[in-house]
Amino acid sequence: MNSGKLNRPITVKESVNVKNTGGGMKTEFRPVLSTFANINTLSGREFWQAQQMEASVSHKVTIRYREGLKRSQFVFYNKRKFEIQYIFNRDEGNKFLELYCLESV
């Protein structure tokens, strides 16, 4: 990977449940990491679920190697949100991480 292709500013966030003023719980996204990435579209699909059209687009987000990323976290780019499906450290080289994600539409 040419590091010059890491030209998209992203933020990795994790969801946490916090109490709101009414005593209930609400989900917030807290930042874990801000960095630059390369985002590639791999595929897209649409399907019917619960009588509604659902769409998902699969992407590969490549970043420089970082420890501590988890599949339960999300990638945010502009106003788009990507759910991390799995994390791939090619050849265990600890140079780049490939985050395979589904875009939330």
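These numbers were taken from a predicted model, which means no experiment stands behind them.

Peer 1: Where do I start with the nonpolar core in this structure?
Peer 2: Across soluble globular proteins, you tend to see nonpolar side chains buried next to one another. Ranked by size, the top nonpolar core spans 15 residues in total, and within it Ile 10, Val 61, Ile 63, Leu 69, Val 75, Leu 99 and Cys 101 carry the most contacts. Contributing elements (two or more residues each) for this core: β1 (8-19), β2 (25-49), β3 (52-64), β4 (73-77), β5 (80-88) and β6 (96-104).

Peer 1: Help me understand the packing of aromatic side chains, please; the structure alone is not making it clear to me.
Peer 2: Each pair of aromatic rings is reported with the distance of its centres and the angle of its planes. A full pass over the atoms with the stated rule returns 3 aromatic pairs. Ring geometry for Phe 29 versus Phe 76: centroids 5.3 Å apart, planes at 65°, classification edge-to-face. One end of the pair, Phe 29, is in strand β2; the other, Phe 76, is in strand β4, with 47 residues separating them in the sequence. Here Tyr 86 and Tyr 100 contribute two aromatic rings whose centre-to-centre distance is 4.7 Å and whose plane-to-plane angle is 15°, an arrangement assigned as stacked. Of this pair, Tyr 86 sits in strand β5 while Tyr 100 sits in strand β6, placing them 14 residues apart in sequence. Tyr 86 sits in the partly exposed class, given a relative accessible area of 44%. Owing to a relative accessible area of 15%, Tyr 100 belongs among the buried residues under this scheme. The structure contains a cluster of three or more aromatic residues connected by ring pairs, namely Phe 29, Phe 74 and Phe 76. Here the basic side chain of Lys 13 rests over the ring of Phe 76, its NZ or CZ set 4.8 Å away from the ring centre. Directly above the ring of Phe 74 sits Lys 81, whose terminal nitrogen or CZ lies 5.0 Å from the centroid.

Peer 1: What am I meant to see in the pairing of β6 here?
Peer 2: Looking down a regular strand, the side chains alternate between one sheet face and the other. Across the 9 residues that make up β6, a large majority, 7, are buried. Here 7 bridges tie β5 to β6, and the two strands are oriented antiparallel to one another. Residue pairing in the sheet places Lys 81 in a bridge with Ser 104 of β6.

How each quantity is defined
- Within any chain, residue numbers begin from 1 and follow the written order of that chain's sequence.
- Reporting in this predicted model follows two pLDDT cut-offs: at least 70 for local features of residues, and 80 or more for side-chain atom pairs to be given and counted; totals over whole chains, interfaces and linings ignore these cut-offs and use all residues.
- As a rule here, side-chain values cover all heavy atoms of the structure and leave hydrogens and water aside.
- Buried Ala, Val, Leu, Ile, Met, Phe, Trp, Tyr and Cys residues that are joined via side-chain atoms within 4.5 Å together make up what is termed a nonpolar core.
- Accessibility here uses a 1.4 Å probe with only protein chains present; expressed as a share of the type maximum, an area under 20% marks a residue as buried, one over 50% as exposed, and anything in between as partly exposed.
- The secondary structure listing takes helices from DSSP runs of H or I that are at least 4 residues long and strands from runs of E that are at least 2 residues long, numbered from the N terminus.
- Stacked, tilted and edge-to-face are the three classes applied to pairs of Phe, Tyr and Trp rings, where Trp contributes its six-membered ring and a pair requires centres within 6.5 Å; stacked means planes under 30 degrees apart, edge-to-face means over 60, and tilted covers the rest.
- Ring-over charges, as used throughout, are those where CZ of Arg or NZ of Lys falls within 6 Å of the ring centre and within 35 degrees of the ring normal.
- Strand pairing is defined by DSSP finding a minimum of two bridges between the two strands.

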